[in-house]
Amino acid sequence: MVAMPAAAERQTPGSSGDVAVHRMDADAADWTPQRMRSAMPLDKVLSSATGLAGGLASAVQGLLPSQQASSTGDEWTGGGEVTKTAGRVFFKMDGQDASCSGNVVESGNGSVVVTAGHCVKYQGTWHTDWVFVPGYDNGDAPHGEWAAEQTMTTPQWESGEDMNHDVGMAVVEEKNGATIADTVGTQQIAFNGERGQEMYSFGYPAADPYDGSTLTYCNGSTFTDPLLTDDHGMNCDMTGGSSGGPWFSSFDPETGTGVQESVNSFGYTFLPDVMFGPYFGDEAKALYERASAA
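Quick caveat: nothing in here was measured; it's all calculated off a predicted structure.

Participant: Sorry, what's going on with the overall build of the protein chain here?
Facilitator: Along the backbone of the protein chain there are seven helices and 21 strands. Residue burial in the protein chain is summarised as follows: out of 294 residues, 58% are buried. If you take every contact in the protein chain between residues at least 6 apart in sequence, the share linking residues at least 24 apart comes to 74%. Just so you have it, the protein chain exposes about 11100 Å², and 43% of that area is on carbon and sulfur atoms.

Right, here's the structure in full:
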């Protein structure tokens, strides 16, 4: 999860353009259980951001909806489809093994994993050695490791790291003629949805106090970021490593199914326990259509 600098300028969503695509050789063979356990959550790889002074931070807190209750990330014990479609992402960034989260969505090719933009590219460099492990469980890969053949992101994230468009997708390999959708199922995905809905957020936070070993979730009402972006916001204390994990509307805890409408993206350093995720608009839809057709 990116910690957003206090001094960032407000980003204005841009027009859609060509999707940024990175092609790679799919090879997941060297991601051993020990290597996965030791991968750093992305926020430890990224340089830290400076927060606001206490008085200003308190004033900013007053901008958030007063009805928001604290939401502590808890281990998901409800079962259902989300335990298979959600998973942990691993890659190499600047020579270091790092981790994020992701989720399999329905698609034409049955091979699309949705994550955050900074989980596929950051500071001008595409991540390498990229794999998705659905249903990850403390080093175990119960449904296999799925290496990316292509990763891609929105043109707004690729060119300027616009936090409004911090969305990434991967097209992963097939195994023995079967797609990842054939193997673990999928979740629905939607664009240009309503704001202010109740949502569930899932991910694999790996920075303290979490260790990345289990699927974790938060749930509650959402609001629009009143500060530097037009992202969804939710009270949630998940940490680095949860980036890219899905936000679901219409989530059914009994079946573990919902409609994905965002991903874990960032938190302000001066607002602990609040998570933000990009609004899936036309740009995210164009990205999805490109990935689905690959």
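So that's the structure; there's more coming.
Participant: Explanation requested: unusual backbone geometry in the structure shown.
Facilitator: In this structure, the amide linkage connecting Asp208 to the following residue, Pro209, adopts the cis form with an omega of 5°. Relative to the helices and strands, Pro209 is located in the loop between β14 (198-203) and β15 (216-221). Positive phi values are uncommon outside glycine, yet Asp94 reaches one of about 50°. The residue Asp94 is located in the loop between β5 (86-93) and β6 (96-104) in this model. Despite not being glycine, Gln123 shows a phi value in the positive range, around 50°. Within the element layout of this structure, Gln123 appears in the loop between β8 (121-122) and β9 (125-126).

Participant: What is the right way to look at the pattern of salt bridges in this model?
Facilitator: Taken as a whole, this structure holds seven salt bridges when the rule is applied. A salt bridge links Arg35 to Asp30, with the shortest nitrogen-to-oxygen separation between them at 3.1 Å. In the salt-bridge network here, residues are joined through shared partners; they are Asp30, Arg35, Lys92, Asp97 and Asp129.

Participant: Just checking my understanding: could you explain the state of the cysteines for this structure?
Facilitator: Note: disulfide means a covalent bond formed between the sulfur atoms of two cysteine side chains. All chains considered together, the criterion is met by two disulfides. Shown here is the disulfide that connects Cys100 with Cys119, its sulfur atoms set 2.1 Å apart. Between Cys100 and Cys119, the disulfide has an S-S torsion of -80° and is therefore left-handed. In this pair, Cys100 sits in strand β6 while Cys119 sits in the loop between β7 (112-115) and β8, placing the two residues 19 residues apart along the sequence. For the pair shown, Cys100 and Cys119 are each scored as buried. Between the sulfur of Cys218 and that of Cys236 lies a disulfide, 2.1 Å long from S to S.

Participant: So what exactly am I meant to see when it comes to the packing of aromatic side chains here?
Facilitator: Going through the model one piece at a time under the given rule, you end up with 20 aromatic pairs. With centroids separated by 6.4 Å and ring planes inclined at 15°, the aromatic side chains of Tyr200 and Phe202 adopt a geometry described as stacked. With a relative accessible area of 0%, Phe202 lands in the buried category. Of the aromatic side chains, those joined through ring pairs into one cluster are Trp76, Tyr200, Phe202, Tyr217, Phe248 and Phe251. Over the ring of Trp31 we find Arg35; its NZ or CZ atom is 3.6 Å from the centre of that ring.

Participant: Any chance you could explain the pairing of β7 here in plain terms?
Facilitator: When a strand is regular, its side chains alternate between the sheet's two faces. Judged by which residues are buried, β7 turns out to be covered on both faces: Val112 and Val114 on one side and Val113 and Thr115 on the other are all buried. Sheet topology note: the β6/β7 ladder contains two bridges and is antiparallel. For Val104, the partnering residue across the bridge sits in β7 and is Val113. Two elements, β7 and strand β12 (residues 168-172), share four bridges in a ladder whose sense is antiparallel. Looking at β12, one finds that Thr115 is bridged to Gly168.

Each value, and the rule that gives it
- Residues numbered from 1 in each chain as written.
- Predicted model: local features only at pLDDT ≥ 70, side-chain atom pairs only at ≥ 80, totals over all residues.
- Heavy atoms only, no water.
- Helix = DSSP H or I, 4+ residues; strand = E, 2+ residues; numbered from the N terminus.
- Buried < 20%, exposed > 50% of the residue type's maximum accessible area, 1.4 Å probe, protein only.
- Contact = heavy atoms within 4.5 Å.
- Areas by Shrake-Rupley, 256 points an atom, 1.4 Å probe, with all protein chains shown as cover.
- Salt bridge = Lys/Arg side-chain N within 4 Å of Asp/Glu carboxyl O.
- Disulfide = S-S within 2.5 Å.
- Phe/Tyr/Trp six-rings, centres within 6.5 Å; stacked < 30°, edge-to-face > 60°.
- Lys NZ or Arg CZ within 6 Å of the ring centre and 35° of its normal.
- Pairing = 2+ DSSP bridges.

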